[in-house]
Amino acid sequence: MSRALRQRLFAAVFIPVISVACGFVVAGVAVVITGSDPLAAFTALFQGAFTNPRAFPETLVAMTPYVFLGLAVALGFRAGLFNIGAEGQFYLGAIFGVLAGNSLPGTPGIIHIPLALAFGMLGGFIWAAVPGLLKARFGAHEVITTIMLNYVAFQLTDFLINKGPMSDPHSTAPRTPFIDPGAQLPILLSGSRLHLGLILAVIAVPIVWFLLERTTIGFRIRTVGFSQGAARAAGISVAWTLVLTMGISGALAGLAGADEILGVSHYMPASFSVGYGFDSIAVALLARSNPWAILPSAFLFGAMRNGAAFMQLQTQVSSDLISIVQAIVIMFVAAPVMVRWIFRLREVPVGGLQITQRETTGVSSET
Amino acid sequence: MRSLRGIGALAALLATAIFGFACGGTTGGGTSCTKTYNVGLVTDVGKLSDKSFNANAWKGVQDAVADKSLCVAAKVIESNQPTDYQKNMQLFIDQKYDMIVTVGFLLGDDTLAVAKANPTIKFAIVDYAYTTPPANLTGLVFREDQAGFLAGIVAGKMSKTHTIGGVYGLDIPPVHKYRVGYENGAKYADPTIKTLGVYQPPSGAKSFNDPDWGKQQATAMFGQGADIVFGAGGNTGNGALLAAVQANKLCVGVDVDQFVSYTDADKCLLTSAEKHIAFAVTTSITDMVKNTWPANGLLTFDATNAGVGISPFHNYDSQVPADVKTMVADALKKLADGTLKTGYTG
């Protein structure tokens, strides 16, 4: 094994694994402090995520949106964009997905499903392209604009489903009507909620990888992410690339939203998502913005999210514990220097790592 | 974003440890129990820390556990997202639980679906009623008009300007009941009183969550001479309470003892019109254990069964005259025996 390869492997595998381990250690300490048994808690977390009846398919269900959203955030990172608005784009995708899923009743699924998913992508695309345009045209920082648009998305949803134009008049709870049965994603495993979305998510990974690594657009995205000045000197339209990257990123997040509606909930409830889009920033960081690495990263987050309920049932440790794990993971992944310092490791220069670091600080002075 | 929440959660866990009440599961069951009944609580996304419906429902479950004669053991699962509701109920079902309690109307559809699929397990849902529920599902509902009536008596008696206000959430049945009861209670205490009141318009986006609007409305009412305001509408109502704090007026809280749950308003809180959620949950669990499960799928909590009432006066206890306290106790008795009506019909 060459030295360079070993170094790359180290950065891609070792740091994430160490970060996750540290996350669990700190969370374990918190469990001890509250007077519970961390071993019992983490055993139950594992059982709830993998070995219980229904657990494993549910982990895959929880993983699915993380894949799409992780890809969305990672794509932005690669162009030097910090798309913190995945949550809002997720909402818009869901709204558009419900709209399409509710209209055209009786349409066969083979047409209705792709249409509704495409509509969801459109919703996310629009919601993310706006900050892209604002950045390209006026230099408005996407961190600010996407955060703000998150709130617009939440309030818009509240307006639409809480006795608004999209609410179900027959329901006392604020929600939309159920989508047309023809628009529901087929279930992959009978008796579970595992739906076609998982396969779509798995397919999305090589597509995004191909887009990034093997196409002109991908080359532009990466070049802009590496250095906007160099990209401009090479004749790449930085503005156009920023808008397009944000748009594609948003479309992926929107796809996640529509997929969640068509596959799991079949209607849009109040507080549709609590943090999927924000967690996905951690998913992308842990994967170091590598599309392939999004899969294990999303799997881990899906497993934690799914197993947390059983952990609480068994040990009564609050399911919020997993957000401690996630927080520590982000800290360690975002600060690899700290990991090196703690474990007395030497500095290893790796391109991808630098990109991740720069993007988390959100610096892009050249717009 | 999430990382901040994580650190917050860490801090919260540490805090609970320091104060020495880890939110552990409660397991009861004395030695004389031939069978232990397992009860599971599924919260909505507000989780146990909401200091309101979820927290009180869990207290009700714990009260049932503490009553050793019931032989109840209980666990809670907090829901992170709406798609968790059915999943979390299913976790309890997989563990062969005897009864599942769910909290709030957000779980209405899911509770119905799961209850239909599991006819041998009992289900109770807080603050929700069905028209034709299956036999194993009970909705726990409250006579908000009676709670409002009692609070109205206090407000009517305590107002020096003979004008009281009320800032309400959307005009939906529970809110409407609170208002009718409150205004009629005030008139019962002081026939000449002037009552001001406004519902939040159904604009949609900020129903029950527009404290600024609530504050504005309450301030306007103070301008019209009101010296007490009733805030009944979630965060919108809380805005009215804040206005009272700032204007040095009195206020009346809603649903739970807001002196405990919303300390920002302690300075103005005279009392709160309460639904006894914990009591309702304990009652329903008792019904399950003692095999007295209601046949019509509904348990109504009102003055007859101590299901509604008003909170202690706390800071204002010494200022509320004894005759007012007697009048409230008397009205509660009369509401219970039916000789006094709140004026709410339908």
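Visitor: Could you clarify how one ought to interpret the overall build of chain A in this entry?
Guide: Helix and strand content of chain A: 15 helices and 0 strands. Here the C-alpha atoms of chain A give a radius of gyration of 21 Å, agreeing with the 21 Å that 2.2 N^0.38 yields for 367 residues. In terms of overall dimensions, chain A has C-alpha extents of about 65 × 60 × 35 Å along its principal axes. Here chain A holds 367 residues, and 59% of them are scored as buried. A separation of at least 24 residues holds for 75% of the contacts in chain A among residues at least 6 apart in sequence. Of the accessible surface of chain A, which amounts to about 14,200 Å², a share of 71% is contributed by carbon and sulfur atoms. Counting 20 positive and 15 negative side-chain charges, chain A places the centres of these two groups 13 Å from one another.

Visitor: Explain the domain arrangement of chain B to me, please; I cannot follow it from the model alone.
Guide: Interface size is commonly expressed as the accessible surface area that is lost when the partners come together. All names here are of chain B. Taken domain by domain, chain B comprises domain 1 (25-142 + 277-305) and domain 2 (144-275 + 313-337). The straight-line distance from the C-alpha centre of domain 1 to that of domain 2 is 30 Å. With 10 residues of domain 1 in contact, the opposing surface of domain 2 contributes 10 residues. Both faces considered, domain 1 and domain 2 share a buried interface measuring about 870 Å² in area, 57% of it formed by carbon and sulfur atoms. Three residues stand out in domain 1 for area buried against domain 2, namely Lys 51, Phe 142 and Ala 303, and they jointly supply 56% of the buried area on that side. In this assembly, domain 1 and domain 2 are joined by 1 salt bridge. The salt bridge involving Asp 127 is made with Lys 275; its shortest N-O contact spans 3.1 Å. Along the lines of polarity and charge, the residues of the side of domain 1 that touches domain 2 split into 4 nonpolar, 3 polar and 3 charged.

Visitor: Would you mind going over the state of the cysteines with me for this structure?
Guide: Where two cysteines share a covalent bond between their sulfur atoms, that bond is called a disulfide. All names here are of chain B. For the structure on display, the rule yields 2 disulfides over all chains. Bridging Cys 33 to Cys 71, the disulfide has an S-S length of 1.9 Å. Between Cys 33 and Cys 71 the disulfide shows an S-S torsion of about -90°. By sign, it is left-handed. On the criterion of sequence distance, the pair formed by Cys 33 in the loop between strand 1 (26-27) and strand 2 (37-42) and Cys 71 in the loop between helix 2 (53-66) and strand 3 (72-77) is long-range, its members being 38 residues apart. Take Cys 33 and Cys 71: they sit in the same class, and that class is buried. Here the bonded cysteines of chain B are numbered in sequence order, and their pairing is 1-2, 3-4.

Visitor: It is not clear to me how helix 12 (residues 291-315) of chain A should be interpreted in this structure. Could you clarify?
Guide: In an α-helix, one turn spans 3.6 residues; hence positions three or four apart end up facing the same way. Residue and element names in this part refer to chain A. A rise of 1.5 Å per residue sets the reference length of helix 12, with its 25 residues, at 36 Å; its end C-alpha atoms lie 36 Å apart and thus fit the reference within 8%. The buried count for helix 12 comes to 18 of 25 residues, which makes it a mostly enclosed element. Phi turns positive, to about 60°, at Gln 316, one or two residues after helix 12.

Visitor: Would you take a moment to explain the environment of Met 338 of chain A for this structure?
Guide: Residue and element names in this part refer to chain A. Secondary-structure assignment places Met 338 in helix 14 (residues 336-342). Through-space distance from the C-alpha of Met 338 to that of Gly 218 is 31 Å; in sequence the pair is 120 residues apart. Sequence-distant contacts of Met 338, that is, excluding residues within four places in its chain, are made with Met 331 and Phe 332.

Visitor: Help me out: how do you make sense of the packing of aromatic side chains in this one?
Guide: Aromatic rings in a pair are described by how distant their centres are and how their planes are angled relative to each other. All names here are of chain A. The tally for this structure, following the rule as stated, stands at 25 aromatic pairs over all chains. Arranged with centres 6.1 Å apart and planes meeting at 65°, the rings of Phe 56 and Phe 299 form a pair that is edge-to-face. Note that Phe 56 is positioned in helix 3 (residues 55-78) and Phe 299 in helix 12, a separation of 243 residues in sequence. Take Phe 299: its relative accessible area is 25%, and that puts it in the partly exposed class. With a centroid separation of 5.1 Å and 35° between ring planes, the pair formed by Phe 90 and Phe 272 is classed as tilted. One end of the pair, Phe 90, is in helix 4 (residues 86-102); the other, Phe 272, is in the loop between helix 10 (238-265) and helix 11 (276-286), and 182 residues separate them in sequence.

Visitor: Is there a simple way to explain the confidence of the model for chain B in this structure?
Guide: Per-chain confidence: chain B averages 89 in pLDDT, with 89% of residues scoring 70 or above. For this predicted complex, the interface confidence score (ipTM) comes to 0.84, while the overall pTM stands at 0.83.

Visitor: Honestly, the pattern of salt bridges in this entry has me stumped. Any pointers?
Guide: Any two side chains of opposite charge can pair, so long as their charged atoms come close to each other. Applying the stated criterion across every chain yields a total of 18 salt bridges over all chains. The residue Arg 175 of chain A makes a salt bridge to Asp 109 of chain B at a minimum N-O spacing of 2.4 Å. Placement of Arg 175 of chain A in the loop between helix 6 (142-161) and helix 7 (197-214) and of Asp 109 of chain B in helix 4 (residues 108-117) is noted, with the two residues assigned to different chains. The exposure class of Arg 175 of chain A is buried, given its relative accessible area of 7%. Its relative accessible area of 25% is what places Asp 109 of chain B among the partly exposed residues. Here Glu 183 of chain B ties to Arg 179 of chain B by a salt bridge, and the two come within 3.0 Å at their closest N and O atoms. Highlighted residues: Glu 183 of chain B and Arg 179 of chain B, both in helix 6 (residues 173-189), separated by 4 residues, approximately one helical turn. One connected set of salt bridges, linked through shared partners, spans Asp 127, Glu 144, Lys 177 and Lys 275 of chain B.

Visitor: What should I look at first to understand unusual backbone geometry in this one?
Guide: Trans peptide bonds make up most of the peptide bonds, and negative phi angles are found at most residues other than glycine. Although it is not a glycine, Arg 54 of chain A sits at a positive phi angle of roughly 70°. As for its placement among the helices and strands, Arg 54 of chain A is situated in the loop between helix 2 (38-51) and helix 3.

What counts and how
Residues numbered from 1 in each chain as written. Chains lettered and ligands numbered in written order. Predicted model: local features only at pLDDT ≥ 70, side-chain atom pairs only at ≥ 80, totals over all residues. Heavy atoms only, no water. Helix = DSSP H or I, 4+ residues; strand = E, 2+ residues; numbered from the N terminus. Rg over C-alpha atoms; globule rule 2.2 N^0.38 Å. Buried < 20%, exposed > 50% of the residue type's maximum accessible area, 1.4 Å probe, protein only. Contact = heavy atoms within 4.5 Å. Areas by Shrake-Rupley, 256 points an atom, 1.4 Å probe, with all protein chains shown as cover. Lys, Arg positive; Asp, Glu negative; His and termini not counted. Charge placed at Lys NZ, Arg CZ, Asp CG, Glu CD. Domains from an automatic or database assignment. Buried area = accessible area lost by both parts, 1.4 Å probe. Salt bridge = Lys/Arg side-chain N within 4 Å of Asp/Glu carboxyl O. Nonpolar A, V, L, I, M, F, W, Y, C, P; charged D, E, K, R; others polar. Disulfide = S-S within 2.5 Å. Expected span 1.5 Å × (residues − 1). Phe/Tyr/Trp six-rings, centres within 6.5 Å; stacked < 30°, edge-to-face > 60°. pLDDT = per-residue confidence, 0-100.

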